[in-house]
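Here are the chains, one letter per residue:
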Amino acid sequence: MNDNQIWERKEYYRHRRVALFQGNSLNENLFDKEFIDLIVTSPPYNVGIDYNSNDDTMNYEQYLEFTRQWITNCYKWSKPEARFLLNCPLDKNKGGHKSVGADITTIAQQVGWKYHATIVWNEGNISRRTAWGSWLSASAPYVIAPVELIVIFYKDSWKKTGGSKVSDISKDEFMAWTNGVWVFTGESKKRIGHPAPFPRELPRRCIKLFSYVNDLVFDPFCGSGTTLIESVVNNRRAIGVEIDEQYCEIAKKRVVEEVNSFNFEAVTRVKEDPVPYLMEEDKL
Ligand SMILES: C[S@@+](CC[C@H](N)C(=O)[O-])C[C@H]1O[C@@H](n2cnc3c(N)ncnc32)[C@H](O)[C@@H]1O
């Protein structure tokens, strides 16, 4: 992606409680109001992944500037009680050792987000365990933690006072997921047809633990649509932005498959809920 590629959004798909836009999350004019209750997202990690429409090989300074821009936009589009669940690397060791997670956390706080906690996701990925540095020698060994972070921020206040106040999490889920070490495997790129999808379990947990039924969930890097799918099946509203048309198509297909088997009539509309932004049924 280069500076000339600042597009306005194009509505790619919409169905009642879910909308997907093809657009660039670096564009601050993509939306013009605060509409988000919960962000669940995984940005590009800048680790040389072969995405169709963005360059995943920026230098580190450029990457941090990219990070600042989209996090600032998300802040502007978020309601005062919004939460922001950011899946990012702990660190990187190729092309210079960097504390990516710590640097992104610092930027988010500079933008205005308040820090709440960090979940460590142990994805059991041993394939990265190939670089040892100096083998069996203290000269320059490498340490690699096969984990990613889900950093939790909020905008103004952590306590939620608005929304439906309906939680749908079970006792077992609540007890397990409030332990901040999450263990589940990653998603297969091949199965999904996207170079870096996260598994459904990740947005599922974030959505059920941190949002109310009918809240609006936003993913500025929607990819194959995993956050949208889990929002729909868990009775939340959802908006996604994805820059690449081919990935939009994958997301659309996955969401369509889910909504076809989803009973919308069974979803209770909550009267006092604020106007669901961009939803056709609310005639904005
Ligand atoms: C790590 S992937 C997200 C994968 C997603 N969580 C899923 O489960 O499929 C990052 C996505 O961000 C998209 N992307 C990169 N730069 C973007 C931008 N400026 N605006 C919107 N999307 C962008 C890429 O095309 C890619 O699909």
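Residues numbered from 1 in each chain as written. Predicted model: local features only at pLDDT ≥ 70, side-chain atom pairs only at ≥ 80, totals over all residues.

Draft legend 1. Broad picture of the overall build of the chain. Along its length, the chain carries 7 helices and 9 strands. Across the chain, contacts joining residues at least 24 apart in sequence account for 70% of those joining residues at least 6 apart. (Helix = DSSP H or I, 4+ residues; strand = E, 2+ residues; numbered from the N terminus. Contact = placed C-beta atoms within 7 Å.)

Draft legend 2. Spotlight on the site of the ligand. With respect to spatial proximity, 22 residues lie near the ligand, and among them P197, F221, G223, S224 and T226 are the closest. Looking at the shell around the ligand residue by residue, the classes come out as 11 nonpolar, 9 polar and 2 charged. (Near = placed C-beta within 6 Å. Nonpolar A, V, L, I, M, F, W, Y, C, P; charged D, E, K, R; others polar.)

Draft legend 3. Spotlight on helix α7 (residues 245–260). The terminal C-alpha atoms of α7, which comprises 16 residues, lie 22 Å apart, in line with the 22 Å expected from a rise of 1.5 Å per residue. Restricting attention to buried positions, one finds in α7 the residues Y247, C248, A251, K252, R254 and V255. Buried-residue contacts for α7 involve β1 (10–15), β2 (18–22), α6 (226–233) and β9 (237–242). (Expected span 1.5 Å × (residues − 1). Buried ≥ 20, exposed ≤ 12 C-beta atoms within 10 Å, placed from the backbone.)

Draft legend 4. Looking closely at the pairing of strand β5 (residues 114–122). The pairing of β5 with strand β6 (residues 147–154) spans 8 bridges and is classified as antiparallel. Bridging across to β6, K114 finds its partner in Y154. In this sheet, strand β7 (residues 181–183) lies alongside β5 in parallel orientation, the contact comprising 3 bridges. Bridge pairing in β7 places V120 opposite V181. (Pairing = 2+ DSSP bridges.)

Draft legend 5. Local environment of the environment of C88. Mapped onto the fold, C88 is located in strand β4 (residues 78–89). Put simply, C88 and S42 are 46 residues apart on the chain and 6.2 Å apart in space, counted from C-alpha to C-alpha. Aside from chain neighbours lying at most four places away, what touches C88 is P43, V100, G101, I104, E148, L149 and V151.

Draft legend 6. Local environment of the confidence of the model for the chain. For the chain, per-residue confidence averages 89 on the pLDDT scale, and 88% of positions sit at 70 or higher. Contacts for the low-pLDDT stretch residues 268–277, under 50 throughout, to residues beyond four places or in other chains number 15 contacts. Counting interchain partners and residues more than four positions distant, the pLDDT-below-50 stretch residues 280–284 has 6 contacts. (pLDDT = per-residue confidence, 0-100.)

Draft legend 7. Looking closely at the sheet that holds strand β3 (residues 36–41). The 9 strands lie next to each other as β1-β2-β9-β8-β3-β4-β6-β5-β7, forming an open sheet whose pairing is mixed. Edge strands, defined here as strands with exactly one partner in the open sheet, are β1 and β7. Strand-to-strand twist of the sheet, defined as the mean angle between neighbouring strand axes without regard to direction, takes the value 20°. Relative to β3, helix α5 (residues 201–210) is tilted by about 155°, and along the sheet it contacts β3, β4, β6, β7 and β8 (216–219). (Axes fitted to C-alpha atoms, helices over the stretch in contact; angles between N-to-C directions.)

Draft legend 8. Region of the structure containing the packing of α5 against α6. At a closest axis distance of 9 Å, the pairing of α5 and α6 adopts a crossing angle of 45°. If you check the angle between α5 and α6, you find them oblique. As α5 runs across α6, the sense of the crossing is right-handed. Residues P203, R204 and I207 of α5 form the contact with α6, whose own contacting residues are T226, T227, E230 and S231. Of the residues assigned to the contact of α5 with α6, the class counts are 2 nonpolar, 3 polar and 2 charged. (Parallel < 35°, antiparallel > 145°, perpendicular 65-115°, else oblique. Left-handed = near helix turned anticlockwise from the far one by under 90°.)

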